[in-house]
Amino acid sequence: MATLEESKNLDSSLRENRVFAPPAEFAAKAHIKSLEQYEAMYRRSVEDPEGFWADAAKELEWFAPWTKVIDGQAQHTKWFVGGKLNLSHNCVDRHALGARKDKVAILWEGEPGEVRRLTYADLHEEVQRFANVLKGLGIKRGDRVAIYMGMCPELAIALLGCARIGAIHSVIFGGFAAHAISDRVNDAGCVAIITQDTSYRRGGEVKLKAIVDQALEKCSMVKNVVVYKRSGSPVEMKEGRDIWWDQAMLAAGKECPAEWMDAEDPLYLLYTSGTTGKPKGLVHTTGGYAVQTYLTSKYVFDLREDDIYWCTADIGWVTGHSYVVYGPLQNGATVMMYEGAPNWPENDRFWKIVDDHKVTVFYTAPTAIRAFTKWGDEWVRKHSLASLRLLGTVGEPINPESWMWYHREIGKERCPIVDTYWQTETGTIMISPLPGATPTKPGSATRPFFGIVPEVVTRSGEPVPDGQGGLLVFRKAWPSMARTVYGDQERYEKTYWSDIPGSYFTGDGARRDADGYYWLMGRVDDVINVSGHRLGTMEIESALVAHPKVAEAACVGRPDDMKGQAIAAFVTLEGGQEPSEELRQELRQWVAKEIGALARPDDVRFTDALPKTRSGKIMRRLLRELATTGDVKGDTTTLEDFGVLAKLRENEE
Ligand code: 6R9
């Protein structure tokens, strides 16, 4: 089952035996101060989940109380039944109308260097005005609104404005191409898109509005486009469809009461890649998601009143939804937001930001850490980083040596590291150290968060003994889990709840050690994780096959030192077409244009045929091995045509 790459990962993590206790000074001030305290709270959370989650929920404001905390089980579980609340109210009003009125909510730095500070009172006004802009366009509760923007405060305001009136937002990462936008907009039936003229990235401009214009040629349901003016670069405005953000805001009323949303009402859709078919729109709901983003932010990031909290993720991904916007703002934190690239104008931009703004909590991805390591320690050492007190990672397994570098060079051996394991589908952090309580081991996400019951099992659901690899499942439902795939409940149940009956299947391999620590081993399905971004092999293959010269395509991930995984594509051409270097480059560009630059294959190999099973399934396992090692030693007994493999081997450069 485990691919070569997974076993390599397993080998290095099996040899890993360093343990780092939480620094005493950190633990003394932390919300959760010891392993015993964590264990007692964990025990209660699984023995009395209703009591545990009710207590957590009471830290938020509800317009009307729930009648039942948990109703149903597994994929049918409902949380806080009958409760009414609003996420925008809990993120903004609760603080703006209380003691945090003048506290900075969003501390933003643009790539060119300008800084903006929005207090909770400012955010309150902006969000209400924007909610009125949406209402003015006839957008109402339950309507879907797409958001395609760069990292600027208006992006957070757009999310919160939607949440305020009960419109369901669907954020599309600003790096996706027109085609990917139209697919997502049409699948969700979005009635409007919020975008901006351009966004700054690595000194250049990303022409977001122009890409939206192209995408909308295929989207008949979209009636309006709201355009935030970021750079002032010229864009085309379509009469009757497009409006300027600033003009609409000036004209909009200052007050907009928050809708009373039911705990189970949808809050947002977020598209993510799976093994088969098009990306799926995971549906996150209001009550459970609110409570669990709030609680995980509080405990995993150990948020304190004076923190300057910075999660470097783009809001286009789930990490940005839960840990740039909803989690930290519900906690009344000051959230740092940065618009551009980490290496602009130079390789130390992040460390300059940390020093300039006295960032205390820093949460990033292993792929970024690998890039920093490669750029060299001198960039880090130009800055003091003395304000930092806690570090985090998310997105893929972190190899122990990168963990050690992060610990030494960024954390100065003073800051605990939280390696947080979770997924778009889970909504919030599932496995992670609590920084004042859990001793850490480099490369392990350590122990489950409150209420989470992980287990490592075989394909048939039998528990695997500690120390051995297997599939990671969650035995019990949790408040922030995605409730369905938009418009396709069957796909939701089939993908996540049918492999191991009664349990949620993550798609990840894992191992638990004798201390009950979890070590993640990567995906066991056809999802490729490129720099922490999920891509389905099907998506890339469909894009390749859409090229007029391509007959068939198969994509696999192969290990890559910088990106975690790189994409290798195997392609057969239509009759009469000849392979060439030019065509190879053309196909790489084609995929970038169809999906976005992050999906551009690293290798494109031409072949006469693809290895298939007798039932016609492409044997990606063999291709993966070939792309990784240059040869195939694995089991080929089901291979239909052995000649194919010989030819593929010959084509190896
Ligand atoms: C939050 C996010 C989810 C997949 C997941 C797993 C991998 C994320 C990880 C990790 C090992 C960690 N993953 N965090 N693997 N250790 N700390 O990344 O969501 O984009 O949906 O990706 O990422 O493979 O299944 P998403």
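As a starting point, this report considers the structure included with it. Since this is a predicted model, take the numbers as computed values, not measurements. (Residues numbered from 1 in each chain as written. Predicted model: local features only at pLDDT ≥ 70, side-chain atom pairs only at ≥ 80, totals over all residues. Heavy atoms only, no water.)

## Here we look at the pairing of strand β27 (residues 533–536)
Across a regular strand the side chains alternate sides, sitting on one face of the sheet and then on the other.
Right, on to step 1. Two elements, strand β26 (residues 527–530) and β27, share 4 bridges in a ladder whose sense is antiparallel. When the bridges of β27 are listed, N529 appears paired with R534.
Right, on to step 2. Counted along the chain from β26 to the antiparallel partner β27, the turn is 2 residues long, and its residue S531 has a positive phi close to 50°. (Pairing = 2+ DSSP bridges. Helix = DSSP H or I, 4+ residues; strand = E, 2+ residues; numbered from the N terminus.)

## Regarding unusual backbone geometry
Comment: phi is negative for the bulk of residues other than glycine, and the bulk of peptide bonds are trans.
Right, on to step 1. Of the consecutive residues W344 and P345, the connecting peptide bond is found in the cis state with omega at -5°.
Right, on to step 2. Along the polypeptide, P345 turns up in the loop between β17 (334–338) and α13 (349–357).
Right, on to step 3. Of note, F80 is a non-glycine position whose phi angle comes to about 55°, a positive value.
Right, on to step 4. When you line up the elements, F80 lands in strand β2 (residues 78–81).
Right, on to step 5. We note that T446 has phi near 65°; this positive angle belongs to a residue other than glycine.
Right, on to step 6. In this structure T446 comes out as buried when scored by relative accessible area, which is 0%. (Buried < 20%, exposed > 50% of the residue type's maximum accessible area, 1.4 Å probe, protein only.)

## Overview of empty space enclosed by the protein
Where empty space is left in the structure can be found by rolling a water-sized probe over the atoms.
Right, on to step 1. Applying the stated criterion across every chain yields a total of 5 cavities of 30 Å³ or more.
Right, on to step 2. Surrounding the largest cavity, N86, L87, A163, G166, A167, M261, P266, L267 and T286 form its lining.
Right, on to step 3. In terms of residue class, the lining of the largest cavity is built from 6 nonpolar, 3 polar and no charged. (1 Å grid on protein atoms, 1.4 Å probe; cavity = no way out; pocket = protein on both sides within 12 Å on 5 of 7 lines; lining within 4 Å. Points joined across faces, edges and corners; volume = space filled by probe spheres on them. Nonpolar A, V, L, I, M, F, W, Y, C, P; charged D, E, K, R; others polar.)

## Side note on the environment of G327
Right, on to step 1. Locating G327 in the fold gives a position in helix α12 (residues 318–330).
Right, on to step 2. Classification of G327 by relative accessible area gives buried; the value is 0%.
Right, on to step 3. Along the backbone, G327 and F449 are 122 residues apart, and their C-alpha atoms lie at a distance of 15 Å.

## Things to note about the state of the cysteines
Right, on to step 1. Taken as a whole and assessed by the stated rule, the structure comprises 0 disulfides.
Right, on to step 2. With no disulfide of its own, C190 lies 8.3 Å from the sulfur of C219, the closest cysteine sulfur.
Right, on to step 3. Cysteine C256 remains unbridged, with the sulfur of C162 as its closest cysteine sulfur at 11 Å.
Right, on to step 4. In this structure C256 comes out as buried when scored by relative accessible area, which is 1%. (Disulfide = S-S within 2.5 Å.)

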